[in-house]
Amino acid sequence: MKITVFGATGNVGTRVITEALLRGHEITAVLRNNDRVNEIDPSVKVVIGHADNVDDVIKWSDGQDLVISATRPPQGVESQLVDTARALLSGLAQTKVRLLLVGGAASLTVPNSNGQLVVDDSSLVPTAWRGIALACLAQHRLCQENETVDWSYLSPPAVIAPGDRTGIFRTGSDELLVDEQGQSTISLEDFAIALLDEAEVVKHKRKRFTVAY
C-alpha cells in the first residue's frame, strides 16, 4: 500500500512507520519542517506539509491508498487537533483517500459507569489533561458527522507508552478496555500493529475502535 503519515516524528508516528516498513508498505512521511528529517528511515519519502492545511492534505494524499494521521498539538493549543481533523476530512473528501485517524480516549465510556465518558472522569483525565481530552472529543464528533470520507478512528486506552511488540491485545468499540486489575494500557508498538492491521483489512469503516491489553 501507498501510505501517507502525518505526525511522522511523534511517538505513535515513528512506530507506525516502523511497522508499515516491516510489512512492505510504501511510506510518505509529512513533516512540518526539515528539523527532524534525519530521524526518518532513508527508505521513506519525506515531504514538507501541515495536516491542518487542506491544500497540503490534498497534495500529499493524491494517488495514495491511505492517510494515517497521528498528530498531537503542543499544550496550550489543543484546539489545533480539531482544525487538523477538519482539514483532513475536507482534503480527503476531494481525493477520496481513506483516513485512519489516531484519536483520544476521551469519548470512550467508562466501564460500569452508566455511560459516563472518560473525559468526565477526573481519575482518568486530571485537570492538566482536560484541554487535550476535550479537543479529542470534538475531533471524534467531526468524524461522526462526516458521511463523505472513508474514515476509521482509533482510540487508545488510558495509558499508552513505549514497550514490547507482542501482537497480543484486545479490540473493542466504544467502551474503555480494562484488564482484571483495572488497568487500561498498551504499548506504542502494539498500538501501531492495531493501526496497520486496520490499514490492511478494514473492519471499522466510518467507525471508532479501541485496543488494550
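Anyway, here's the lowdown on the structure attached to this text. (Residues numbered from 1 in each chain as written. Predicted model: local features only at pLDDT ≥ 70, side-chain atom pairs only at ≥ 80, totals over all residues. Heavy atoms only, no water.)

In this section: the environment of Ala87. Summarising the element assignment, Ala87 is placed in helix H3 (residues 80-95). With 30 residues separating them in the primary sequence, Ala87 and Val57 have C-alpha atoms 7.3 Å apart. Those residues within four positions of Ala87 in sequence are excluded, and the remaining contacts are Ala51, Asp52, Asn53, Val54 and Val57. (Helix = DSSP H or I, 4+ residues; strand = E, 2+ residues; numbered from the N terminus. Contact = heavy atoms within 4.5 Å.)

Attention now moves to empty space enclosed by the protein. Evaluation of the coordinates by the stated rule reveals 1 cavity of 30 Å³ or more. Roughly 30 Å³ of volume is contained in the largest cavity. Taken together, Ser69, Thr71, Leu81, Thr84, Ala85, Leu88, Leu101, Val102 and Gln139 make up the full set of residues lining the largest cavity. Of all the secondary-structure elements, those providing two or more residues to the lining of the largest cavity are H3 and strand S5 (98-102). (1 Å grid on protein atoms, 1.4 Å probe; cavity = no way out; pocket = protein on both sides within 12 Å on 5 of 7 lines; lining within 4 Å. Points joined across faces, edges and corners; volume = space filled by probe spheres on them.)

What follows concerns the layout of surface pockets. In this structure, the largest pocket occupies an estimated 1,200 Å³ of space. Along its surface, the largest pocket is lined by 47 residues, and Ala70, Thr71, Arg72, Pro73 and Ile132 are the ones closest to its centre. Going through the elements one at a time, helix H1 (11-22), strand S2 (26-31), H3, helix H4 (130-145), strand S7 (159-161) and helix H5 (188-200) are the ones with two or more residues in the lining of the largest pocket. Sort the elements by how many residues they give to the lining of the largest pocket and H4 lands first, with 4 residues. Counted by class, the lining of the largest pocket contains 28 nonpolar, 14 polar and 5 charged residues. (Nonpolar A, V, L, I, M, F, W, Y, C, P; charged D, E, K, R; others polar.)

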